[in-house]
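A look at the structure
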Amino acid sequence: MGTMEDCCVTECTRCPALVDSRSRIVNGVGPEDADLLFVGEGPGANEDEHGEPFVGRSGSVLDDALRTAGLDRHDIRITNCVRCRPPENRDPKTDELANCRSYLERELATVDPEVIVTLGKVPSEHLLERSVAVTKEAGDLEEVRIDGAPRRLLISVHPAATLYDRSQAETFENALQRAAELAGVADSEGGQSRLDGF
Ligand code: URA
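Keep in mind it's a predicted model, so treat the numbers as computed, not measured.

A few points about the side chain of glutamate 96
- When you line up the elements, glutamate 96 lands in helix α5 (residues 94–111).
- You can call glutamate 96 buried: its relative accessible area is 5%.
- Of note is the side chain of glutamate 96, whose polar atom sits 2.9 Å from the side chain of arginine 90.
- When sequence neighbours within four positions are dropped, the list of residues in contact with glutamate 96 reads Cys15, Ala17, Leu18, Val82 and Arg90.

See below:
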């Protein structure tokens, strides 16, 4: 297992287009012994500005859904498939995902989470190495080998999907509820969805 310094990339010039578009490298945040590791696609404008994943609108949606599931952002680790903002917020390209993969694998080995939660199509397909119909497969748990180690991966829609399509909000919340249960970390006192059961 590595140390957190291994997870923190301070210098990288592997992707010329991203070196041009970024203002900084955005590393993962959260405890190095977190039970849940959330993986997004890549930094957007807000993340690039603040140097932290999911701090913009998608971040607010994520924080709300975490709370509903009885989870706290400070107890989970959050990272991205690529650590530099792609130009015009385009999807990261295959070679960019590949260039950044070793950093993600190092972070994964260090955190060694109970469950990885992939937020959206890009991280789901990147880590499962197959095409994924995220809306249909959200909430599904898969066993996958990543860098030689067996991992449990839970597919989720991206929080931004709930902004375009309200019906995805429930899909998103259900996936996070399942993540909390799988990791055994849901706060039994908290969570709107728990109250709904009474
Ligand atoms: N969307 C992502 O996939 N990652 C972020 O960090 C922010 C928005």
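That covers the picture; the talk isn't over yet.
Points about empty space enclosed by the protein
- By the definition in use, this model includes 1 cavity of 30 Å³ or more.
- The space that makes up the largest cavity amounts to roughly 100 Å³.
- If you go around the largest cavity, you meet 14 residues; those closest to its centre are Cys12, Cys15, Arg22, Cys84 and Cys100.
- Mapped by element, the contributors of at least two residues to the lining of the largest cavity are α2 (16–21) and α5.
- The element best represented in the lining of the largest cavity is α5, accounting for 3 residues.
- Residue classes in the lining of the largest cavity are distributed as 9 nonpolar, 2 polar and 3 charged.

Remarks on the UniProt feature "domain: Uracil-DNA glycosylase-like" (unreviewed entry) in the protein
- This chain's UniProt record puts "domain: Uracil-DNA glycosylase-like" (unreviewed entry) on residues 27–177.
- A helix fraction of 42% and a strand fraction of 19% characterise residues 27–177, whose end C-alpha atoms lie 25 Å from each other.

Some thoughts on the packing of helix α4 (residues 57–68) against helix α9 (residues 167–183)
- Running from N to C, α4 and α9 point in directions that differ by 55°, and their axes come no closer than 9 Å. In terms of axis orientation, α4 runs oblique to α9. For the element pair α4 and α9, the recorded crossing hand is right-handed. Contacts from Val61, Leu62, Ala65, Leu66 and Thr68 of α4 reach α9 at Phe172, Glu173, Leu176 and Gln177.
- Along the lines of polarity and charge, the residues of the contact of α4 with α9 split into 6 nonpolar, 2 polar and 1 charged.

Things to note about the sheet that holds strand β5 (residues 149–156)
- Read from one edge of the open sheet, 5 strands run β2-β1-β3-β5-β4, paired in mixed fashion. Of all strands in the sheet, those with a lone pairing partner are β2 (77–80) and β4 (141–146), marking the two edges. Averaged over all pairs of adjacent strands, the angle between strand axes in this sheet comes to 30°, irrespective of strand direction.
- Where strand β1 (residues 36–40) meets β2, 4 bridges bridge the pair, whose relative direction is parallel. In the strand pairing of β2, glycine 40 is matched with asparagine 80.

Observations regarding α4
- With 12 residues, α4 should reach 16 Å at 1.5 Å per residue; the first-to-last C-alpha distance of 17 Å fits that figure.
- Buried within α4 we find Ser58, Gly59, Val61, Leu62, Ala65, Leu66 and Thr68.
- Immediately downstream of α4, the backbone of glycine 70 shows phi near 80°, a positive value.

Observations regarding the pairing of β4
- One ladder, built from 6 bridges, connects β4 with β5; its direction is antiparallel. Note on β5: the bridge partner recorded for glutamate 142 is leucine 153.
- The hairpin formed by β4 and β5 contains 2 residues between the paired strands, and aspartate 147 there has a positive phi angle of roughly 55°.

A word on the nonpolar core
- Formed by 25 residues in total, the largest nonpolar core has its most connected members in Val39, Ile116, Leu127, Leu128, Ile146, Leu153 and Ile155.
- Contributions of two or more residues to this core are made by β1, α5, α6 (121–128), β4 and β5.
- Broken down by element, the residue count for this core peaks at 5 residues, all from α5.
- Aside from chain neighbours lying at most four places away, what touches isoleucine 116 is Leu37, Val39, Leu108, Leu127, Ile146, Arg151, Arg152, Leu153 and Leu154.
- Grouped together as the second largest cluster of nonpolar side chains are 23 residues, Val61, Ala69, Ile78 and Ala138 included.

Thresholds, definitions, all that
Residues numbered from 1 in each chain as written. Predicted model: local features only at pLDDT ≥ 70, side-chain atom pairs only at ≥ 80, totals over all residues. Heavy atoms only, no water. Helix = DSSP H or I, 4+ residues; strand = E, 2+ residues; numbered from the N terminus. Buried < 20%, exposed > 50% of the residue type's maximum accessible area, 1.4 Å probe, protein only. Polar contact = N/O pair within 3.5 Å; in protein donor to acceptor, adjacent residues only side chain to side chain. Contact = heavy atoms within 4.5 Å. 1 Å grid on protein atoms, 1.4 Å probe; cavity = no way out; pocket = protein on both sides within 12 Å on 5 of 7 lines; lining within 4 Å. Points joined across faces, edges and corners; volume = space filled by probe spheres on them. Nonpolar A, V, L, I, M, F, W, Y, C, P; charged D, E, K, R; others polar. UniProt positions renumbered as here; feature names shortened; annotations may be inferred. Axes fitted to C-alpha atoms, helices over the stretch in contact; angles between N-to-C directions. Parallel < 35°, antiparallel > 145°, perpendicular 65-115°, else oblique. Left-handed = near helix turned anticlockwise from the far one by under 90°. Pairing = 2+ DSSP bridges. Expected span 1.5 Å × (residues − 1). Core = buried A, V, L, I, M, F, W, Y, C linked by side-chain atoms within 4.5 Å.

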